[in-house]
Amino acid sequence: APGMDLVPGTKAGLMEAAIALQARPAEGIFRLQELLAAAPFAWDVVLVDTPGELGAMFTNALVASRWLLVPLKPDKDDLRGARTRLRPSRRQVGE
């Protein structure tokens, strides 16, 4: 579509990125934020689809974001779990 960029990832690429991020955890959490800031042009919106687990890829996306969209099943246990997991993460990034 005009005005839209799509950058697909591969399993191998995602695994390689996750390993690289975990090897340098102190500076690794800001890597996506740094890459987006250094991009030669800016986007109005960037959607990052992360793996389901709370690992280095999720943390990078969370640190680089202003907003968070979390798709959940409409199940009370899933909603309770999300509330419990996301509250500490929001404090970590300064909200």
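Description of the structure in this document. (Residues numbered from 1 in each chain as written. Predicted model: local features only at pLDDT ≥ 70, side-chain atom pairs only at ≥ 80, totals over all residues. Heavy atoms only, no water.)

**Examining the packing of helix 1 (residues 11-23) against helix 4 (residues 56-64)**
- For the pair helix 1 and helix 4, interaxial distance at closest approach is 9 Å and the crossing angle is 80°. The angle between helix 1 and helix 4 falls in the class roughly perpendicular. On the side of helix 1, the interface is formed by L14, A17, A18, L21 and Q22, while helix 4 contributes A56, M57 and N60. (Axes fitted to C-alpha atoms, helices over the stretch in contact; angles between N-to-C directions. Helix = DSSP H or I, 4+ residues; strand = E, 2+ residues; numbered from the N terminus. Parallel < 35°, antiparallel > 145°, perpendicular 65-115°, else oblique. Contact = heavy atoms within 4.5 Å.)

**Thoughts on the side chain of N60**
- By the element assignment, N60 lies in helix 4.
- The class of N60 is buried, set by a relative accessible area of 4%.
- Polar contacts involving the side chain of N60 include one to the main-chain amide nitrogen of R31, which spans 3.3 Å. (Buried < 20%, exposed > 50% of the residue type's maximum accessible area, 1.4 Å probe, protein only. Polar contact = N/O pair within 3.5 Å; in protein donor to acceptor, adjacent residues only side chain to side chain.)

**Here's the deal with the environment of L14**
- In this fold, L14 is placed in helix 1.
- The exposure class of L14 is partly exposed, given its relative accessible area of 38%.
- For the pair L14 and T50, spaced 36 residues apart in the sequence, the C-alpha separation amounts to 9.4 Å.

**Overview of the packing of aromatic side chains**
- Taken as a whole and judged by the stated rule, the model has one aromatic pair.
- Ring geometry for F41 and W43: centres 5.0 Å apart, planes at 70°, overall edge-to-face.
- The exposure class assigned to F41 is partly exposed, which follows from its relative accessible area of 46%.
- Judged by its relative accessible area of 36%, W43 is partly exposed. (Phe/Tyr/Trp six-rings, centres within 6.5 Å; stacked < 30°, edge-to-face > 60°.)

**Notes on the pattern of salt bridges**
- Inspection of every chain in the model, using the stated rule, returns one salt bridge.
- Among the ionic pairs, R31 bridges to E34, the shortest N-O distance being 3.7 Å. Residue R31 and its partner E34 are located together in helix 3 (residues 31-37), separated by three residues, close to a single helical turn. (Salt bridge = Lys/Arg side-chain N within 4 Å of Asp/Glu carboxyl O.)

**As for a nonpolar patch on the surface**
- A surface patch of nonpolar side chains, amounting to about 360 Å² of accessible area, comprises F41, W43, V46 and V48.
- Following the sequence through the fold, V48 ends up in the loop between helix 3 and helix 4.
- Taking the relative accessible area as the measure of exposure, V48 reaches 44% and is therefore partly exposed. (Patch = residues over 30% accessible without salt bridge, like charges linked within 9 Å, V, L, I, M, F, W, Y side chains within 5 Å. Areas by Shrake-Rupley, 256 points an atom, 1.4 Å probe, with all protein chains shown as cover.)

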